[in-house]
Amino acid sequence: MNKIIESKFLAKDVKRFVIEAPKIAAKRKPGQFVIVRSNSKGERIPLTIADSDLEKGTITIIVQGIGKSTKEINSFNSGDFFHDVVGPLGQPSHLENFGTAVSIGGGVGAAIAYPTAVGLKQAGNHTISIVGARTKDLVILEEEMRANVDEVYITTDDGSYGFHGFVTQQLQKLIDDGRKIDFVLAIGPIPMMRAIAETTRPYNIKTVVSLNPIMVDGTGMCGGCRATVDNKTVFVCVDGPEFDAHKVDFDLLIKRNKTYTQSEKTAVEHFHQCHYDKVFDLAISENKS
Amino acid sequence: MQTPLSKKDRMKIPRQPMPEQDPDVRNKNFLEVNLGYTEELAVLEAQRCLQCPKPFCVDGCPVGVQIKDFISLVAEGKIAEAAAKIKEDNVLPAVCGRVCPQEEQCEIKCVVGNKNEPVAIGRLERFVADYEREKLGMRLPVCKPKTGKKVAIVGSGPAGLSCAADCIQAGHGVTVFEALHEIGGVLLYGIPEFRLPKDIVKVEVQALEELGVEFRTNAVIGFTDSIDELLTVEGYDAVFIAVGAGLPYFMNIPGENLNGVYSANEFLTRVNLMKAYDFPNHDTPVFDCKGKSVAIFGGGNTAMDAVRTSKRLGAKNAYIVYRRSEIEMPARAEEVHHAKQEGIEFQLLTNPIEFVGTEEGWLTGVKLLKMELGEPDASGRRKPIPIKDSEFILPIDMAVIAIGNGSNPIIQKTTPGLEFNKWGNIVVNSETMLTSREGVFAGGDIVTGGATVILAMGAGRKAAKAINEYLFNKE
């Protein structure tokens, strides 16, 4: 059991948790992830470690409430417990002084890109960060990014804040402006990562993406997280999660991530039903008393 | 006092069959298939034992259970004493009585088997262990005085648990580290409930806990702590690595990444450990097999476990696809027999060459090739050879690949100076299980490649013996 020390919504359905996990805090490196379970019947969910505090023995994760389990987690508050937290898992980001390094985070991907952006800065890069969101209220970690990287660009799809357009357009603009870019890290929805890969491909800019397939154990044992990279099957949990964006089969990744779409609907319905039942039972018992 | 039966009378008693659930009922539930002997059946079966002066059966047991002696106690109705006798050599008899391949270990050596069917040693072991657990309560062995030494065991499967049991009884402090969130390793995530009820594993683990073994779940050694950190920062005097094989092989044929294609590890873990059969009461889903056609590729026990699981999840057609014939199947005869009884269809001498699917990435079928048997290959089994122009497509909605496991890379990548062979197995001294690193021992599937529960337990016990000697001599 791991206690939640702090919890805060960063945007609608996006919540940050600071969790007690001293071992993981001491060990984790940028790019690595943990697997959490919310309760004793919970599924195992991989989440990138967004930050850690060695002294306090805590790690930070950011959760987007999409399915049953992530919605349930986002109902947790400080003082509540995760049933299980295991990690750090996966290979750390490869950090070196490339020159100018651009980290791009779309939606909650900004949170996942953040630790690596900081790591790239510490490795001596001139760091540029592009934080993209659908609309202003969904922009996350802007302050943290501004405090830790050299240049920050915000983009929103609806133009409510920052550049009106997609992160790819902002990146293209930097390239067109003649900025010399040596390395790009892109983390976000798969179509976004694929679009970034296609943006940098003609310029031969080294581009890395962090993949988010469905996992069970996270240690290589089940092979559920397999993806195709450079025409070869990889296990994202132990071989990744970061890979050369120009070699990833994004189509396959999108298809595989839809494996449980139907089950997910059932789970959400079941979850709501249970919650309504609970509320209903409570109302009845209160009426009786 | 009853006069003991003569040898002739003993030989007249037929081997007592195992009471089991009706095949047509059990293929729809996850309850245990075998129901176990009653005391009467057990005593009768035990009387079949000839009490040979030189019991060959014991030679066949990887942990050297004193089979002749425990069976003699069962024949006399002294079940508690029989349980104690087994426990001298085997810490997990309820597990081994269920999953050991007795027919190729102890029972194949049974002299009765020369003329009649051999004594049902496995069934008797199971009876004694269940009787103890249910009627007498688990009795704990006595541990030696504390030595002040600490042993770290990496992995909580059969090798890890048996090593833990011996080390704690020798007086050492023992911590078992497990990467998953529950203790038991393959006994939990791999072997299905209908063959090994999880409550039985839990009771065995509880007994070890009561003896003082500390269990730490969610600890991925290599990441959470390295082997070196266990020996230095964490202050352990010896480490036993028993992480299992844990990296599933795929067949490397086109279409293998289509939705609906699973490794046996993933399929079984979702159902057994994560309890996907109880979705959505448990959160983890698995492919909805109801009314579907599924094929499992492979001929081992894991393939049988997976296919019988899919049947229980409601599969209409459940196939085993195996490239050799039934004789070459590595699965236990009992498992194959049970599978057939439950309505599993066998596509033998058939090899997959491609998975086919929809534009959206869903599996719809598998392209198969008929095979015939040629000359024996390196494994001594007749080599399957493709028959020309024999291709056909079997329509299936789910596929499970059960062709074995390679070695998990995590320990290798994080432990400098530890010697591995070209397959990624840890190199050990076969007598002491000592690795190339001082104080670091290893056993089970990470050393041998995929094998059986009892062989892993044997390795765990060998290592414990060597660890005791090492710690005795260590300052």
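Values in this document were obtained by computation on a predicted structure and should not be read as measured data. (Residues numbered from 1 in each chain as written. Chains lettered and ligands numbered in written order. Predicted model: local features only at pLDDT ≥ 70, side-chain atom pairs only at ≥ 80, totals over all residues. Heavy atoms only, no water.)

**Details of the overall build of chain B**
Along the backbone of chain B there are 19 helices and 16 strands. A compact globule built from 475 residues would reach a C-alpha radius of gyration of about 23 Å, and chain B, at 23 Å, matches this within 12%. In terms of overall dimensions, chain B has a C-alpha envelope of 65 × 65 × 50 Å along the principal axes. Counting every position in chain B, which comprises 475 residues, the buried fraction comes to 57%. If you take every contact in chain B between residues at least 6 apart in sequence, the share linking residues at least 24 apart comes to 69%. Of the roughly 19500 Å² that chain B leaves accessible, carbon and sulfur atoms contribute 53%. Positive and negative side-chain charges of chain B, numbering 54 and 63 respectively, have mean locations separated by a distance of 5 Å. (Helix = DSSP H or I, 4+ residues; strand = E, 2+ residues; numbered from the N terminus. Rg over C-alpha atoms; globule rule 2.2 N^0.38 Å. Buried < 20%, exposed > 50% of the residue type's maximum accessible area, 1.4 Å probe, protein only. Contact = heavy atoms within 4.5 Å. Areas by Shrake-Rupley, 256 points an atom, 1.4 Å probe, with all protein chains shown as cover. Lys, Arg positive; Asp, Glu negative; His and termini not counted. Charge placed at Lys NZ, Arg CZ, Asp CG, Glu CD.)

**As for the pattern of salt bridges**
Side-chain pairing between opposite charges can occur once the charged atoms of the two side chains come close. All names here are of chain B. A complete count under the given rule lists 49 salt bridges over all chains for this structure. Taking the shortest distance from any N to any O, the salt bridge between Lys474 and Asp237 comes out at 3.5 Å. Residue Lys474 is found in the segment after helix H19 (453-473), and its partner Asp237 is found in the loop between helix H13 (227-231) and strand S4 (238-241); the two are separated by 237 residues along the sequence. Classification of Lys474 by relative accessible area gives partly exposed; the value is 27%. Given a relative accessible area of 16%, Asp237 falls into the buried group. A cluster of three or more residues bridged by salt bridges with shared partners is formed by Glu20, Arg26, Arg195, Asp305, Arg308, Arg312, Glu335 and Glu342. (Salt bridge = Lys/Arg side-chain N within 4 Å of Asp/Glu carboxyl O.)

**Re the pairing of strand S3 (residues 33-37) of chain A**
All names here are of chain A. Burial within S3 is extensive, with five of its five residues counted as buried. Of the strand pairs in this sheet, S3 and strand S4 (residues 45-53) are connected by four bridges, and their pairing is antiparallel. Across the sheet, Phe33 pairs through a bridge with Thr48, a residue of S4. (Pairing = 2+ DSSP bridges.)

**Observations regarding the interface of chain B and chain A**
Every contact between the two is made by 45 residues of chain B and, on the other side, 44 residues of chain A. Across the chain B/chain A interface, buried area totals approximately 3700 Å², and carbon plus sulfur atoms make up 54% of it. Of all residues in chain B, B:Phe223, B:Asn257 and B:Asp283 bury the most surface against chain A, accounting for 20% of the area lost on that side. Applying the counting criterion to the chain B and chain A interface returns four salt bridges. At the junction of chain B with chain A, the criterion picks out 25 residue pairs in polar contact (both at pLDDT 80 or more). Taken together, the elements giving at least two residues each to the side of chain B that touches chain A come down to strand S5 (246-248), strand S6 (261-263), helix H14 (264-273) and helix H17 (410-414) of chain B. Among the elements that make up the side of chain B that touches chain A, the one with the highest residue count is H14(B) (four residues). (Buried area = accessible area lost by both parts, 1.4 Å probe. Polar contact = N/O pair within 3.5 Å; in protein donor to acceptor, adjacent residues only side chain to side chain.)

**Notes on the pairing of strand S8 (residues 100-106) of chain A**
Residues and elements named next belong to chain A. Among the seven residues that make up S8, seven are buried, leaving the element largely enclosed by the rest of the structure. Burial of S8 is two-sided: the residues Thr100, Val102, Ile104 and Gly106 facing one way and the residues Ala101, Ser103 and Gly105 facing the other way are all buried. Where S8 meets strand S12 (residues 183-187), five bridges bridge the pair, whose relative direction is parallel. What sits directly across from Val102, in S12, is Val184.

**Comments concerning the domain arrangement of chain B**
Residues and elements named next belong to chain B. We note that the domain assignment places domain 1 (7-136), domain 2 (150-246 + 407-474) and domain 3 (249-404) within chain B. Of note, the centres of domain 1 and domain 2, computed from C-alpha atoms alone, are 28 Å apart. Listed per partner, the contact involves 21 residues of domain 1 and 22 residues of domain 2. Taken together, the two surfaces of domain 1 and domain 2 that pack against each other cover about 1900 Å², and 77% of this comes from carbon and sulfur. One can count zero salt bridges joining domain 1 with domain 2. (Domains from an automatic or database assignment.)

**Considering the sheet that holds S4(B)**
To summarise the sheet geometry, strands pair through backbone hydrogen bonds and adopt either a parallel or an antiparallel arrangement. All names here are of chain B. Strand order in this open sheet of five strands is S3-S2-S1-S4-S16, and the pairing throughout is parallel. Both edges of this open sheet fall to strand S3 (214-216) and strand S16 (440-442), since each of them pairs with a single strand only. Direction aside, the axes of adjacent strands within the sheet are offset by 20° on average. Where strand S1 (residues 150-154) and S4 come together, four bridges link them in parallel fashion. Across the sheet, Val151 pairs through a bridge with Ala238, a residue of S4. H19 contacts S1, S4 and S16 of the sheet and is inclined by roughly 170° relative to S4. (Axes fitted to C-alpha atoms, helices over the stretch in contact; angles between N-to-C directions.)

**Details of the packing of aromatic side chains**
Any aromatic ring pair is given by two values, namely how distant the centres are and how the planes are angled relative to each other. Taken as a whole, this structure holds eleven aromatic pairs over all chains when the rule is applied. For the ring pair A:Phe17 and A:Phe82, a centre distance of 5.8 Å and an interplane angle of 85° mean the geometry is edge-to-face. Taken as a pair, A:Phe17 in strand S2 (residues 14-20) and A:Phe82 in strand S6 (residues 81-82) lie far apart in primary sequence, 65 residues in all. For the pair A:Phe17 and A:Phe82, a shared accessibility class is recorded, and that class is buried. Ring geometry for A:Phe76 and A:Phe82: centres 5.7 Å apart, planes at 75°, overall edge-to-face. Through a chain of ring-to-ring contacts, the aromatic side chains of A:Phe17, A:Phe76 and A:Phe82 assemble into a single cluster. Taking the ring centre of B:Phe194 as reference, the NZ or CZ of B:Arg312 above it sits at 3.8 Å. (Phe/Tyr/Trp six-rings, centres within 6.5 Å; stacked < 30°, edge-to-face > 60°. Lys NZ or Arg CZ within 6 Å of the ring centre and 35° of its normal.)

**Let's talk about helix H9 (residues 121-136) of chain B**
Residues and elements named next belong to chain B. Here H9 contains 16 residues, and its C-alpha end-to-end distance of 21 Å stays within 8% of the 22 Å for a straight helix at 1.5 Å per residue. The buried fraction of H9 amounts to twelve of the 16 residues, a majority that puts the element mostly inside the structure. Taken as a whole, H9 has its buried residues at Ile121, Gly122, Leu124, Glu125, Arg126, Phe127, Val128, Ala129, Asp130, Tyr131, Glu132 and Arg133. Looking at the residues trailing H9, positive phi occurs at Gly137, about 80°. (Expected span 1.5 Å × (residues − 1).)

**Topic: the packing of helix H15 (residues 301-312) of chain B against helix H16 (residues 333-341) of chain B**
Residue and element names in this part refer to chain B. Their axes nearest at 10 Å, the elements H15 and H16 cross at an angle of 20°. Between H15 and H16, the angle falls in the class roughly parallel. Two packed elements cross with a definite hand, and for H15 against H16 that hand is left-handed. Counting all contacts with H15, which are made through Asn301, Met304 and Arg308, the residues of H16 involved are Glu335, Val336, His338 and Ala339. Considered class by class, the residues forming the contact of H15 with H16 number three nonpolar, two polar and two charged. (Parallel < 35°, antiparallel > 145°, perpendicular 65-115°, else oblique. Left-handed = near helix turned anticlockwise from the far one by under 90°. Nonpolar A, V, L, I, M, F, W, Y, C, P; charged D, E, K, R; others polar.)

**Remarks on the sheet that holds strand S13 (residues 206-210) of chain A**
Residue and element names in this part refer to chain A. Ordered by their spatial adjacency, seven strands build an open sheet running S11-S10-S9-S8-S12-S13-S16, and the pairing between neighbours is mixed. A strand with exactly one partner marks an edge of an open sheet, and here the two such strands are strand S11 (163-164) and strand S16 (242-244). Strand direction decides the pairing type here: strand S9 (residues 126-133) and strand S10 (residues 151-156), joined by six bridges, are parallel. Within the sheet, the bridge partner assigned to Gly132 lies in S10 and is Thr155. Against the sheet, helix H5 (residues 167-176) engages S8, S9, S10, S11 and S12, with an angle of about 150° to S9. In the packing of helix H6 (residues 190-200) onto the sheet, the strands contacted are S8, S12 and S13, and the crossing angle to S12 comes to about 165°.

**A closer look at the side chain of A:Thr100**
Positionally, A:Thr100 belongs in strand S8. Other than its neighbours up to four places away in sequence, A:Thr100 contacts A:Asn125, A:His126, A:Ile128, A:Lys180, A:Ile181, A:Asp182 and A:Phe183.

**Focus on the confidence of the model for chain B**
The predicted model of chain B has a mean per-residue pLDDT of 93, with 99% of residues at 70 or higher. Complex prediction metrics read pTM 0.92 and ipTM 0.90. (pLDDT = per-residue confidence, 0-100.)

**Thoughts on the environment of B:Tyr262**
Of note, B:Tyr262 is situated in strand S6. Among the polar contacts listed, one links the side chain of B:Tyr262 to the backbone nitrogen of B:Phe287, at a separation of 3.0 Å.

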